[in-house]
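Chains, contacts and geometry: an overview
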Amino acid sequence: MFKNLLSFWKGKDFLVQVLEDFRIMLDDSETMFEAVCAQLMEDKKEPGLKEKIYEIDKQINNLQKDIRRRIVEHLSLQPMVNVNACLILMSVVKDAERLGDYSKNLYGVTELLERPIEKELFHEYFDELDKKILALFQKTKKAFIETDEEQARSAWQYENAIAKGCDQIVKRLAQSNLPVNQAVCFALIARYFKRIVAHLVNIATSVVLPLSELDYFDERKDQV
Amino acid sequence: MKKKLVIVYKILAVAALLYLFLVSISLMGVAFKGFGKGFAENLIRTTSNPFVGLFIGILSTSIVQSSSTTTSVVVGIVGAGGLTVGNAIPIVMGANIGTTVTNTLVSLGHINRRDEFRRAISTATVHDFFNLICVAILFPLELATGYLEKTATFMSSIFSGVGGFKVVSPVMLATQPAVGLIQKVVILLLSSTKLAAYIIMAVLSLVLLFFALYFIVKIMKSLVVNRAEIVLDNVISRSPILGLLAGLAFTIVVQSSSITTSLLIPLAAAGILTVETAFPITIGANIGTTTTAIMASFATGNISAIIIAFAHFLFNLTGTVCIYPIKFIRMIPINLAKAFGDLAAVKRRYAIIYVIGVFFLTPTLLIIISKLF
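Here the residue index of a chain counts from 1 through its sequence in written order. Chain labels run from A onward and ligand labels from 1 onward, assigned in the order the entries are written. At least 70 in pLDDT is required for a residue's local features to be given in this predicted model, at least 80 for side-chain atom pairs to be given and counted, and no such filter applies to totals for whole chains, interfaces and linings, which use all residues. Side-chain metrics in this entry use all non-hydrogen atoms of the structure; hydrogen atoms and water are not considered.

Digging into the overall build of chain A
Our working rule: Labels follow the DSSP assignment, with helices taken as runs of H or I lasting at least four residues and strands as runs of E lasting at least two, numbered in each case from the N terminus. Only protein chains enter the calculation, and the probe is 1.4 Å; a residue is then buried if its accessible area is under 20% of its type maximum, exposed if over 50%, and partly exposed in between. Accessibility throughout is a Shrake-Rupley quantity obtained with a 1.4 Å probe, and a residue counts as covered only by protein chains that appear here. This count recognises Lys and Arg as positive and Asp and Glu as negative, with His and chain-terminal groups excluded. To locate a charge, take atom NZ for lysine, CZ for arginine, CG for aspartate or CD for glutamate.
Of regular secondary structure, chain A possesses nine helices and zero strands. Going residue by residue from the N terminus, the α and β elements of chain A occur as α-α-α-α-α-α-α-α-α. Taking the principal axes of the C-alpha coordinates as reference, chain A spans close to 65 × 50 × 20 Å. Expressed as a percentage of its 224 residues, the buried residues of chain A come to 47%. Total accessible area on chain A is roughly 11,200 Å²; 52% of this is exposed by carbon and sulfur atoms. Each charge class in chain A can be summarised by its mean position, and for the 32 positive and 37 negative side chains these summaries are 2 Å apart.

A short note on a nonpolar patch on the surface
Keep this limit in mind: Each patch is assembled from residues with relative accessible area greater than 30% and no salt bridge, linking like charges that lie within 9 Å and nonpolar side chains (Val, Leu, Ile, Met, Phe, Trp, Tyr) that lie within 5 Å. Salt bridge, as used here, is a side-chain nitrogen of Lys or Arg placed within 4 Å of a carboxyl oxygen of Asp or Glu.
A cluster of nonpolar side chains, contributed by I352, I356, L361, L365, L366, I368, I369, L372 and F373 of chain B, occupies part of the molecular surface with about 890 Å² of accessible area. What makes L365 of chain B partly exposed here is its relative accessible area of 43%.

Quick look at empty space enclosed by the protein
Residue and element names in this part refer to chain B. The test is simple: Within this scheme a cavity is a closed region of a 1 Å grid, computed over the protein atoms alone, that accommodates a 1.4 Å probe without allowing it to escape, whereas a pocket is open but has protein on both sides within 12 Å along at least five of seven lines; lining residues each have an atom within 4 Å of a point. Grid points are joined across faces, edges and corners, and a volume is the space filled by probe spheres set on the points. Gly is put with the polar residues, along with every residue not named as nonpolar or charged; the nonpolar set is Ala, Val, Leu, Ile, Met, Phe, Trp, Tyr, Cys and Pro, and the charged set is Asp, Glu, Lys and Arg.
Taken as a whole, this structure holds one cavity of 30 Å³ or more when the rule is applied. Quantified by volume, the largest cavity comes out at close to 30 Å³. Taken together, Q65, S66, S67, S68, T99, Q255, S256, S257, S258 and T289 make up the lining of the largest cavity. Counting only elements with at least two residues in the lining of the largest cavity, the list comes to α4 (67–79) and α12 (257–269). By residue class, the composition of the lining of the largest cavity is no nonpolar, 10 polar and no charged.

Overview of the packing of aromatic side chains
The description of an aromatic ring pair rests on the distance of the ring centres and on the angle between the ring planes. Residues and elements named next belong to chain A. Just so we agree on the cut-off: Working definition: a ring pair exists when centres of Phe, Tyr or Trp rings (six-membered ring for Trp) sit within 6.5 Å. Plane angles under 30 degrees give stacked, over 60 give edge-to-face, the rest tilted.
Taken as a whole and judged by the stated rule, the model has 17 aromatic pairs over all chains. Between F126 and F193, the aromatic rings sit 5.7 Å apart at their centres with planes inclined by 75 degrees, giving edge-to-face as the arrangement. Placement of F126 in helix α5 (residues 119–126) and of F193 in helix α8 (residues 180–205) is noted, with a sequence separation of 67 residues between them. For F126, a relative accessible area of 1% translates into the label buried. For F193, a relative accessible area of 0% gives the class buried. Each residue in the set F33, F122, Y125, F126, F137, F186 and F193 is aromatic and connected to the rest through ring pairs, giving one cluster.

Some details on the packing of helix α3 (residues 50–64) of chain B against α4 of chain B
Residue and element names in this part refer to chain B. This is how it is decided: With axes taken as lines fitted to C-alpha atoms, and helix axes fitted only over the stretch in contact, angles between N-to-C directions fall between 0 and 180 degrees. Here is the rule for angles: anything less than 35 degrees is roughly parallel, anything more than 145 is roughly antiparallel, 65 through 115 is roughly perpendicular, and the remaining ranges are oblique. The handedness criterion is simple: a crossing whose near helix is rotated anticlockwise from the far helix by less than a right angle is left-handed, and one whose near helix is rotated clockwise is right-handed. Contacts are assigned to residue pairs with any non-hydrogen atoms lying within 4.5 Å of each other.
α4 packs onto α3 with a crossing angle of 130 degrees between their chain directions and a minimal axis gap of 8 Å. Here α3 is positioned oblique relative to α4, judged by the angle of their axes. At the point where α3 passes α4, the crossing takes the right-handed sense. Facing S60, T61 and V64 of α3, the residues of α4 in contact are S67, T69 and T70. Here the residues of the contact of α3 with α4 sort into one nonpolar, five polar and no charged.

Brief notes about the pattern of salt bridges
Residue and element names in this part refer to chain A. The tally for this structure, following the rule as stated, stands at 18 salt bridges over all chains. Measuring nitrogen to oxygen at the nearest pair gives 2.5 Å for the salt bridge that ties E30 to K141. Of this pair, E30 sits in helix α2 (residues 14–41) while K141 sits in helix α6 (residues 129–145), and the two are 111 residues apart along the sequence. Given a relative accessible area of 11%, E30 falls into the buried group. Between R69 and E73 there is a salt bridge; the shortest N-O distance is 2.9 Å. With a gap of four residues between them, R69 and E73 both fall in helix α3 (residues 49–77), about one helical turn apart.

A closer look at the packing of helix α7 (residues 114–145) of chain B against helix α16 (residues 327–346) of chain B
All names here are of chain B. The contact between α7 and α16 brings their axes to 7 Å, and the two run at 140 degrees. Considering the angle they form, α7 stands oblique to α16. Classified by chirality, the crossing of α16 by α7 is right-handed. Facing R114, F117, R118, I121, S122, T125, V126, F129, F130 and I133 of α7, the residues of α16 in contact are I332, P333, I334, L336, A337, K338, F340, G341, D342, A344, A345 and V346. Considering only residue class, the contact of α7 with α16 consists of 15 nonpolar, three polar and four charged.

Section: helix α5 (residues 85–98) of chain B
Worth spelling out the cut-off: Helices are assigned an expected span. That span is 1.5 Å times one less than the residue count.
With 14 residues, α5 of chain B ought to run about 20 Å at 1.5 Å a step, and its terminal C-alpha atoms sit 20 Å apart, in line with that. Counting buried positions along α5 of chain B gives 13 out of 14 residues, so the element sits mostly inside the fold.

Examining the layout of surface pockets
Here the largest pocket is characterised by a volume of approximately 1,000 Å³. In terms of lining, the largest pocket is formed by 35 residues, of which the most central are K218, K221, S222, L223 and V225 of chain B. Sorting the residues of the lining of the largest pocket by element identifies α3 of chain A together with α1 (2–34), α4, α10 (194–236) and α12 of chain B as the ones contributing at least two each. If one sorts the elements of the lining of the largest pocket by residue count, α10 of chain B sits on top with 11 residues. Here the lining of the largest pocket is built from residues that sort into 16 nonpolar, 14 polar and five charged.

Things to note about the confidence of the model for chain A
What counts, and what does not: Along the chain, pLDDT gives the predictor's confidence residue by residue, from 0 to 100.
Summarising the model, chain A shows a mean pLDDT of 86, and 91% of its residues fall at 70 or more. By mean pLDDT, helix α1 (residues 2–9) of chain A is the weakest element of chain A at 53, and helix α4 (residues 83–112) of chain A is the strongest at 93.

Considering the side chain of S76 of chain A
Looking at the secondary structure, you find S76 of chain A in helix α3. Note on S76 of chain A: relative accessible area 12%, which makes it buried. Residue contacts for S76 of chain A: discarding those within four places in its chain leaves L263, P266 and L267 of chain B.

Describing the environment of Y102 of chain A
Residue and element names in this part refer to chain A. With respect to the secondary-structure elements, Y102 resides in helix α4. Residues Y102 and L129, spaced 27 residues apart in sequence, show a C-alpha to C-alpha distance of 15 Å. Filtering out sequence-adjacent residues up to four positions away, Y102 remains in contact with Y192, R195, I196 and H199.

Observations concerning the nonpolar core
The condition is simple: Put simply, buried Ala, Val, Leu, Ile, Met, Phe, Trp, Tyr and Cys residues joined by side-chain atoms within 4.5 Å make one nonpolar core.
F21, V74, M93 and I308 of chain B are the most contacted members of the largest nonpolar core, which has 105 residues in total. In this structure, V74 of chain B is in contact with L83, A88, I91, V92 and I308 of chain B, ignoring residues within four places of it in sequence. Within the second largest apolar cluster, 69 residues are counted, among which are Y107, L129, A143 and C185 of chain A.

Some remarks on unusual backbone geometry
Most peptide bonds adopt trans geometry, and most residues besides glycine take a negative phi value. All names here are of chain A. Of note, D127 is a non-glycine position whose phi angle comes to about 45 degrees, a positive value. Along the polypeptide, D127 turns up in the loop between α5 and α6. One non-glycine residue, E128, lies in positive phi territory at about 55 degrees. Here E128 is to be found in the loop between α5 and α6. On the basis of relative accessible area, E128 is assigned to the partly exposed category, the value being 41%.

Here it is as structure tokens:
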């Protein structure tokens, strides 16, 4: 009973706990993305990957619900404390959850492929975009968790380059003579990459954007 | 460092306010004694009808929105001999019902969103139904047997027998210099009319009581709210007993069950708490709020005041013991609250009618009727 009471009393401060959970969400989605990319492009078959991906995605969803619950609890008890942080978190937690969803969708593409992707062809189209996205994961974590404005601004540059690259890939695919299955899968990968980058940049730029402008980083690029 | 200093200041402020609270109770006793025997007899006559006492308790607490204030005033008056224990018990029971108005009013803030409102008002009114059922069971029982008065008297006698009074008396001793000083100053200023001086003292004691309780609640809330957030987060996913203990502890610390129960409403509205999970926290708060009157009774140093404070505690404890442990009985207030929530969500005017009817109109009318006939 005493042990129970003690653990009941113990706990971390709201922001510390929520930021820790948010970091886990980003770490998890990064793990998912990395594992799926390895399977997709390097044709490394990881046994039980599907179960692993679905399990991590479920964990991300649960963390999202936990964070939301804690925000409501916090604002109910202390409506004047950390209001901005709460509203930002309520917004970016959705982005983090989407990262998990898109990584899961990328896994879905591996199941759609009729035969393994040719490495050369993939590099010709994607030019190590996956590596750049992994670097963006790091930047985003640093920007958000450590409130690093420089990292947040530099995430913008990444977004610009990667998003344009993804659009170009889709254009090229539309004009290519690739087999339908391969072309559709490549187009989906390009689309999911672009969405993942957009959600990462949403998270990173929340550090420098006014609350009302969250998610509209492209419109505020020159002003912040 | 600055944060720690702020905490120290707050603790010192609470200590000062607590002293002021005890002074206000002692001063109230002096004032009511000063009004003389005639006033006391009149007051006792007015409240001799237990139903009138019950409705006075409901109405006065609904107006001041604090059962701690009502019960502390009752304790102060009982201590001064202005009320008998028997007459005061129904008032205290009424105060228990009246205090539930606060969270019901808070739930009205969600009235524009139907589903949210249904959840909020169900969670708020489970406190009302619980206290109404308690009164429905224990009020007739008390009238028939006087069990609360007898048990509280027994408890107080044990308390005094083991030297409790010696422990309590320093509280009274500590307040005496301040009370004496106020008394001297007021009588000096109004030397011509002694009655006016006592009226001023009574008003001053009430002002001090409100002031002290208001700021004790405010400061204590700011001191413990961080921890309360962590505890609440743990409570939600754990056992109801821990919920009850959390409600009890938080209310003892902030000295207001209304604060505890009102904090639950937005959480219930958001769907984070259910009526079932909020219920043990609510009844914990119900028991916790009785400590204010117990503290106030120490300032009077009067056995009757201590008896009424214990009677308040026993009333809430027996209510909990009667209703909570057996699932079938426990579900009665929960189901009533849910049914009312469903009804109020469809026809929202019922919520307004309920608040005005139960807490203000019915007690007022019944007090008037009992005075007329």
